[in-house]
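Fold and contact review
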Amino acid sequence: MGFLLSKSMDANFKKQQEFMLHNSRLQMERQILMQNQMRERQMAMQIAWSREFLKYFGTFFTVATVGLTVGAIKRKRPFLLAPVVPLGFIFAYQMDSAYGTLIYRMRGEAESIMASERDRLDLPHGAPTFDSIEKARRARSSLSSFLEK
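Residues numbered from 1 in each chain as written. Predicted model: local features only at pLDDT ≥ 70, side-chain atom pairs only at ≥ 80, totals over all residues. Heavy atoms only, no water.

1. Concerning the layout of surface pockets
Approximately 150 Å³ is the volume attributed to the largest pocket. What lines the largest pocket is M43, Q46, I47, W49, S50, Y93, S97, L102, I103 and M106. Of all elements in the fold, only α1 (2-75), α2 (84-99) and α3 (102-116) reach the threshold of two or more residues within the lining of the largest pocket. Of the residues forming the lining of the largest pocket, the biggest block, 5 residues, is contributed by α1. Its residues assigned to classes, the lining of the largest pocket comprises 7 nonpolar, 3 polar and no charged. (1 Å grid on protein atoms, 1.4 Å probe; cavity = no way out; pocket = protein on both sides within 12 Å on 5 of 7 lines; lining within 4 Å. Points joined across faces, edges and corners; volume = space filled by probe spheres on them. Helix = DSSP H or I, 4+ residues; strand = E, 2+ residues; numbered from the N terminus. Nonpolar A, V, L, I, M, F, W, Y, C, P; charged D, E, K, R; others polar.)

Here you go:
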C-alpha cells in the first residue's frame, strides 16, 4: 500500500516539476518579449525625437546660413561665414541620425565591441549578486531606521 502511495506521489511530484518548469519558461519568454518591445518603443521615440529636432535645427541652420551669407556679401567680410562650418557638421549629424544609416553603423560597432572587446563591458566589482543587493538593501534600511529616530 505504501509503495503504491509513494509511486503516486512521485508521479505527481514529477508532473508538478514539469508544470513549474513550463511556467517558468513561459514567464521568461514573456519577460524577454516585453523587454524587447520596450526597447523598440524607446528606439522609436529616440528616432522620432531626432526627426523633430532636425525640423527645428534645420530651420535655424537655414536662417543662420542665409543671414550670415547675406551679411558676409554686403559687408565684404568672408569670416562671417565661419559659423556655418560647425553648424553644417551638426546638421549633417542630425540628418544622419534621423534619416540616415547612423543607427546601423552604431549597431555594427556595438556588435564588434561585444565580439572583440568584451573586457570593456565588465562592470566595476562584477555583476550584481543577490548577496550584494541584499547587503545594500540592509544597509539602506538600517540607515533609514537610524535617521527616523
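2. Topic: unusual backbone geometry
Its identity as a non-glycine residue notwithstanding, K76 has a phi of 55°, on the positive side. Topologically, K76 is positioned in the loop between α1 and α2. Of note in this structure, H125 is not a glycine but carries a positive phi near 65°. You can see H125 is positioned in the loop between α3 and α4 (130-148). Since its relative accessible area comes to 85%, H125 is described here as exposed. (Buried < 20%, exposed > 50% of the residue type's maximum accessible area, 1.4 Å probe, protein only.)

3. What to know about the confidence of the model for the protein chain
With 92% of its residues at a pLDDT of 70 or more, the protein chain shows a mean pLDDT of 90. Within the protein chain, the element-level pLDDT minimum falls on α4, averaging 77, and the maximum on α2, averaging 96. (pLDDT = per-residue confidence, 0-100.)

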